Amino acid sequence: PLLEMDQVSYAYAEGIPALSGVSLAVAEGERVAILGANGCGKTTLLKLLGGLVFAQQGTYRAFGREITDPFLSRDPFGMFFRKEVGVLFQHVDAQLFNPTVEEEIAFGPLQLDDPPEEVRRKVRETMELFSLGPLAGRPPFALSGGEKKKVALAAVLATDPRVLLLDEPTAGLDPRSSRILVDLILEAQARGRTVVTSTNDLHVVPEIAGRVLVLGEDRRVLASGTPEAILQDRAVLRAANLIHRHRHAHQDYWHEHEHEHPGVFHVHPHDPPSGERIA
């Protein structure tokens, strides 16, 4: 495996686990989606995979090496890891800090000490790929939410990482912006990158993933399988609090239907025999 966790646990405060004994393996070029309710540990899992926090119990290995804070602090492996693993935060304002969009995209290649002509080439090609030319001179903080996520993803891809870790990339976006971002993710995958995406947007999962990992509210792995198998397993989705059942009145009868979080899809069995007649 390119990335491998073995019984990894992590807590931000003593007695309050963020992850509990999580094991997983991701092969090079694989597309994995991490599903789970808010607070189940998805963001912490991506932080661990990205070397932003470190396992307190268990082990994490990437590129054949065990990842620890002291080891990742030393070059040449530390620089290699930071180049090869790109992280897109859920709240991209935390990673956009340059005066202009063009400088934001150039920042990563400059930190890798690329020659000036190579930096210019990477910036030009990345701007073209993401259609960011009209935004080149604008400050990132002044952009819309969808534009910020495009710029942040472009900045991550400018260093040409082998691994992309994407935390809720479509969260908070309107349908058009969400579609654009999914297409950009698909483009990255088509170029052979390994992509691990945390999301609650069940609709995009079959497009962006070949395998799904579900985290339960106990911060452990609840299920793993193909998108088709996981998304058809309503018991698993209910157990993970990704869908719930509620009742409402329709015409002259009551019925139940399943409702997906974060509120973008409903399944409505309106056949009266499946519900209770209203007296």
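Analysis parameters
Residues numbered from 1 in each chain as written. Predicted model: local features only at pLDDT ≥ 70, side-chain atom pairs only at ≥ 80, totals over all residues. Heavy atoms only, no water. Helix = DSSP H or I, 4+ residues; strand = E, 2+ residues; numbered from the N terminus. Buried < 20%, exposed > 50% of the residue type's maximum accessible area, 1.4 Å probe, protein only. Salt bridge = Lys/Arg side-chain N within 4 Å of Asp/Glu carboxyl O. Polar contact = N/O pair within 3.5 Å; in protein donor to acceptor, adjacent residues only side chain to side chain. Pairing = 2+ DSSP bridges. Axes fitted to C-alpha atoms, helices over the stretch in contact; angles between N-to-C directions. Parallel < 35°, antiparallel > 145°, perpendicular 65-115°, else oblique. Left-handed = near helix turned anticlockwise from the far one by under 90°. Contact = heavy atoms within 4.5 Å. Nonpolar A, V, L, I, M, F, W, Y, C, P; charged D, E, K, R; others polar.

What should I look at first to understand unusual backbone geometry in this one?
Generally, phi is negative for residues other than glycine and the peptide bonds are trans, each holding for most cases. A cis amide bond, omega 10°, links Asp 75 with the succeeding residue Pro 76. Take Pro 76: it is sitting in the loop between α2 (69-72) and α3 (77-84). The phi angle at Arg 219 is positive, at roughly 65°, despite the residue not being glycine. Relative to the helices and strands, Arg 219 resides in the loop between β9 (211-215) and β10 (221-225). With relative accessibility at 25%, the residue Arg 219 sits in the partly exposed group.

Mind showing me how you'd approach the pattern of salt bridges here?
It is possible for side chains of opposite charge to pair when their charged atoms get near one another. The tally for this structure, following the rule as stated, stands at twelve salt bridges. Note that Lys 148 and Asp 93 form a salt bridge whose closest N and O atoms lie 2.9 Å from each other. With a gap of 55 residues between them, Lys 148 in helix α6 (residues 145-157) and Asp 93 in the loop between β6 (85-88) and α4 (101-111) connect regions that are remote in the sequence. For Lys 122, the salt bridge is made with Asp 114, and the minimal N-O distance between the two is 2.7 Å. Judged by relative accessible area, which is 13%, Lys 122 ranks as buried. Among the charged side chains, a salt-bridge network with shared partners connects Glu 118, Arg 121 and Glu 125.

Can you help me understand the environment of Glu 28 in this one?
By the element assignment, Glu 28 lies in the loop between β2 (16-26) and β3 (31-35). A distance of 3.1 Å separates a polar atom in the side chain of Glu 28 from a polar atom in the side chain of Arg 162.

What should I look at first to understand the pairing of β3 in this one?
Two faces make up the sheet, and in a regular strand the side chains alternate between them. Counting buried residues along β3, four of its five residues qualify, which places the element largely inside the surrounding structure. Two elements, β3 and strand β8 (residues 194-198), share four bridges in a ladder whose sense is parallel. The partner of Ala 33 across the bridge, within β8, is Thr 197. With four bridges connecting them, β3 and β9 associate as parallel partners. Paired with Ala 33 across the two strands is Val 212, which belongs to β9.

What's the story with the packing of α4 against helix α5 (residues 116-129) in this structure? I'm lost.
The geometry of a pair of packed helices is captured by two quantities: the angle between their axes and the separation between those axes. Taken N-terminus to C-terminus, the directions of α4 and α5 make an angle of 130°; their axes are 9 Å apart at the nearest point. On the basis of their axis angle, the class for α4 and α5 is oblique. Along this stretch, α4 crosses α5, giving a crossing that reads as right-handed. Across the interface between the two elements, Val 101, Glu 102, Ile 105, Ala 106, Pro 109 and Leu 110 of α4 pack against Val 119, Lys 122, Val 123, Thr 126 and Met 127 of α5. By residue class, the composition of the contact of α4 with α5 is eight nonpolar, one polar and two charged.

Quick question: what am I supposed to make of the side chain of Gln 95 here?
Relative to the helices and strands, Gln 95 resides in the loop between β6 and α4. Polar contacts involving the side chain of Gln 95 include one to the main-chain carbonyl oxygen of Val 87, which spans 3.3 Å. In this structure Gln 95 touches Val 87, Leu 88, Phe 89, Glu 104, Ala 152 and Val 156, once residues within four positions along its chain are discounted.

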